Each structure stands twice: as C-alpha cells, then as structure tokens.
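Listed here are the chains, written in short residue letters.
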Amino acid sequence: MIEKQQRAFFKTTGVEKPIMEILRESAKQNFVPLFRGTVPLMGHSCASALLGLAGQPKLQKYLKEELSQHGIGTFTSGLLASAAVTPIYVGVTNPLSRLEVIMQTSKIDGKAIGVIEACKEVANDSKQFGMRGIFRGQGLGIAKGILSLTAFHQGRIWLTDAFRDRNISNGSYTPKDKVGSA
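Each chain has its residues counted from 1, following the order in which its sequence is written. Owing to the predicted nature of the model, reporting of local features is limited to residues with pLDDT of at least 70; listing and counting of side-chain atom pairs is limited to 80 or more, with chain, interface and lining totals taken over all residues. Each side-chain value is worked out from all heavy atoms of the structure, with water and hydrogens disregarded.

## What about the overall build of the protein chain?
Of regular secondary structure, the protein chain possesses seven helices and zero strands. Helices (α) and strands (β) of the protein chain occur, in sequence order from the N terminus, as α-α-α-α-α-α-α. Here the globule rule is a power law, 2.2 Å times the number of residues to the power 0.38, and the radius of gyration is based on C-alpha atoms. At 23 Å, the protein chain has a C-alpha radius of gyration far larger than the 16 Å of a compact globule built from 182 residues. Projected onto the principal axes, the alpha-carbon positions of the protein chain cover approximately 70 × 40 × 30 Å. Accessibility here uses a 1.4 Å probe with only protein chains present; expressed as a share of the type maximum, an area under 20% marks a residue as buried, one over 50% as exposed, and anything in between as partly exposed. The buried share among the 182 residues of the protein chain stands at 25%. Sequence-distant contacts in the protein chain: of pairs separated by 6 or more residues, those separated by 24 or more amount to 65%. Surface accessibility of the protein chain: about 11900 Å² in total, with carbon and sulfur atoms responsible for 64%. Every helix listed is a DSSP run of H or I at least four residues long, and every strand listed is a run of E at least two residues long, numbered separately from the N terminus. The contact criterion used is simple: two residues touch if any of their non-hydrogen atoms lie within 4.5 Å. In this description, accessible areas are obtained by the Shrake-Rupley approach with a 1.4 Å probe, and a residue is regarded as covered only by the protein chains that are shown.

See the structure below:
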C-alpha cells in the first residue's frame, strides 16, 4: 500500500512522497487506509498457493510419470508443468492485481474505493479497451513466471534431496525401504 501510494503521488507530482507522511496520514484514520486492497490481495495469495505451490508439483509428478519412458526427467517435467500452470496463474491473478492497484492508489485522506467499485472500474476498462486492458504486457510476465516457478521448484527439489541424503549419510534418517534390511 505504501509503495503504491508513493508511486501514485510521484506519477501526479513528480516528487516522491515520504513514507512517514503516508504513515502520518494513515494514523489519523487508525491506519485503516493501509489495509485497502486486502481482499484482492488475499485472493491473489490463495491463487498463488494453489497454482504455484500445490498445482505445479502435482502436475510435474504426473508429467514425469507419464513421460519418463521418453527420457523426460525432473527438470523438463518441471519446466512443462510451469509452462502449463503459469498462464492460468496470470489469467487468475492479473484482474486481482488490477483491483488491488485501483483500491490502493486512491488518496489516503480521500474516499476509499471498495471492492465493488473497483470491479466496476475494471469492467468499464474492459468495455473500453477489451481484455488487453487487463492483460497488457503479460507475454514477458508469463515467460518470467515459467522460469521463476521452475527455478523455485528445482531449488526446492535439490534442497530436499541434499538434506535427505545428508541425513541418511549421518544416520539421522533411514528410508522406509531400508528399515529392517540392514
């Protein structure tokens, strides 16, 4: 919220608004303005968790099982899963991000824009500019998202394997298939 307030102020005045000034203005209203845009932000976080943290690994596992006979490994299946999940993620989260921006860039001491009003503004933008108004410039965002999601999950897989192997080698952990066979 603070960053968006600074950006909106800079866009209209050409001057950066100090954080303390934003906080003082918010303090006059018990800091309530700092929570504008929380509803779309929660939706964005939920979509992110469901698609990026839950959906991608499940899809990656499925793809790896189905394509392993063709020599497709963990990295490639992760890249394919990310390529499938990321456009869906962008399609779901972009309208939510737009709502968040609309709600958070109104003046702190002015009237707050609620979710319904923000939805109406997005609908008017869509009537005026079509879907490109919401999804403008997202081709690069999708490409970046695919690489970021793949890198995140590959790092997670690498760390999981490294810690598991370390714990096996120092005797802290015995895999289930090795229990009782020693």
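## What to know about the confidence of the model for the protein chain
In this model, the protein chain carries an average pLDDT of 83, and 95% of its residues clear a pLDDT of 70 or more. At the low end of the mean pLDDT range in the protein chain sits helix 6 (residues 132-135), at 66; at the high end sits helix 7 (residues 138-169), at 89. Confidence scores here are pLDDT values: one per residue, from the predictor, ranging 0 to 100.

## Considerations on the packing of helix 3 (residues 38-67) against helix 4 (residues 74-104)
Here an angle of 0 to 180 degrees is reported between the N-to-C directions of two axes, which are lines fitted to C-alpha atoms, with helices fitted over the stretch in contact. Two elements in contact, helix 3 and helix 4, have axes whose closest approach is 8 Å; the angle formed by their N-to-C orientations is 170 degrees. For the element pair helix 3 / helix 4, the angle class is roughly antiparallel. Between helix 3 and helix 4 lies a crossing of right-handed hand. Partitioned by chemical class, the residues of the contact of helix 3 with helix 4 number 17 nonpolar, twelve polar and two charged. Angular relationships are summarised with four words: roughly parallel below 35 degrees, roughly antiparallel beyond 145, roughly perpendicular across 65 to 115, and oblique for the angles in between. The handedness criterion is simple: a crossing whose near helix is rotated anticlockwise from the far helix by less than a right angle is left-handed, and one whose near helix is rotated clockwise is right-handed. In this count, Pro and Cys sit with the nonpolar residues alongside Ala, Val, Leu, Ile, Met, Phe, Trp and Tyr, while Asp, Glu, Lys and Arg are called charged and the others, Gly among them, polar.

## As for helix 7
Here helix 7 contains 32 residues, and its C-alpha end-to-end distance of 46 Å stays within 8% of the 46 Å for a straight helix at 1.5 Å per residue. Residues of helix 7 that are buried: Gly 145, Ile 146, Leu 149, Thr 150, His 153 and Gln 154. In the core, the buried residues of helix 7 are packed alongside helix 3 and helix 4. Expected helix span is taken as 1.5 Å per residue step, with the number of steps being one fewer than the number of residues.

## Observations concerning the pattern of salt bridges
By salt bridge we mean one thing: a side-chain nitrogen of Lys or Arg within 4 Å of a carboxyl oxygen of Asp or Glu. In this structure the tally under the stated criterion is three salt bridges. As a salt-bridge pair, Glu 25 and Lys 17 come within 3.0 Å of each other at their nearest N and O atoms. The class for Glu 25 is buried, based on a relative accessible area of 16%. One connected set of salt bridges, linked through shared partners, spans Asp 161, Arg 164 and Asp 165.

## Focus on the packing of helix 3 against helix 7
Taken N-terminus to C-terminus, the directions of helix 3 and helix 7 make an angle of 75 degrees; their axes are 11 Å apart at the nearest point. Taken together, the axes of helix 3 and helix 7 lie roughly perpendicular to each other. Residues Gly 52, Leu 53, Gln 56, Pro 57 and Gln 60 of helix 3 form the contact with helix 7, whose participating residues are Leu 149, Phe 152, His 153, Gln 154, Arg 156 and Ile 157. A per-class count over the contact of helix 3 with helix 7 returns five nonpolar, five polar and one charged.

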